[in-house]
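What follows is each chain in one-letter form.
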Amino acid sequence: MFTTILVPTDGSPLSDKAVNVALEFAKGAGAKIVGISVAESYPISPLSETPYTSDAEHFDIKMRELAQKHVQKIADAAKEMDVPCETIVTQANSPYQEIINAAKSFHCDAIFMASHGRKGLSKLFVGSETQKVLAHSDLPIMIIR
């Protein structure tokens, strides 16, 4: 039923748990894993006089390096379990859009992702990328807590 599963990661222990669940499922189903990590872009203030600085460039490079480490963990775990795997690193201020775009680009049939389960004001102010993916994707989504 599922042949290609997208697994977003932010490198957190909860994301690692979602990766493990996805890998176990993929192994049993004979599916492929696509791991994605979305590097945070430098936050630019609309009031800033200079839209881009060397600090921003350094920040973006470091975030991409960190995201690459996150997807490498997926690739290593997939190799150990003999599960086919591709990885992708993107950089954006809206991770949910990148996740949905990757699911379309790689023709994924499902998304397995973590939810930190924020509630109350924390959820209101921080927002939930998982909630946004749920709201904007038509794919089956397995939420791991």
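Our structure is the block above this text.
Described in the following lines is the structure provided in the data block. (Residues numbered from 1 in each chain as written. Predicted model: local features only at pLDDT ≥ 70, side-chain atom pairs only at ≥ 80, totals over all residues. Heavy atoms only, no water.)

### Description of the packing of aromatic side chains
Put simply, the rule is: Stacked, tilted and edge-to-face are the three classes applied to pairs of Phe, Tyr and Trp rings, where Trp contributes its six-membered ring and a pair requires centres within 6.5 Å; stacked means planes under 30 degrees apart, edge-to-face means over 60, and tilted covers the rest. The numbering of helices and of strands both runs from the N terminus, where a helix is a DSSP run of H or I of at least 4 residues and a strand a run of E of at least 2. Working definition: with a 1.4 Å probe on protein chains only, accessible area under 20% of the residue-type maximum means buried, over 50% means exposed, and in between means partly exposed.
Applying the stated criterion across every chain yields a total of 3 aromatic pairs. Seen in terms of ring centroids, Phe25 and Phe112 are 5.3 Å apart; in terms of plane orientation they differ by 45 degrees. Their pairing is tilted. Of the two residues, Phe25 sits in helix H1 (residues 13-29) while Phe112 sits in strand E4 (residues 110-114), which places them 87 residues apart along the sequence. A residue is classified by how much of its surface remains accessible, and Phe25, at 35% relative accessible area, is partly exposed. Note on Phe112: relative accessible area 4%, which makes it buried. Plain terms: the ring middles of Tyr42 and Phe59 are 5.5 Å apart, the flat faces sit at 75 degrees to each other, and that makes the pair edge-to-face. Highlighted residues: Tyr42 in the loop between strand E2 (32-40) and helix H2 (54-81) and Phe59 in helix H2, separated in sequence by 17 residues. Taken together, the ring pairs in this structure connect Phe2, Phe25 and Phe112 into an aromatic cluster.

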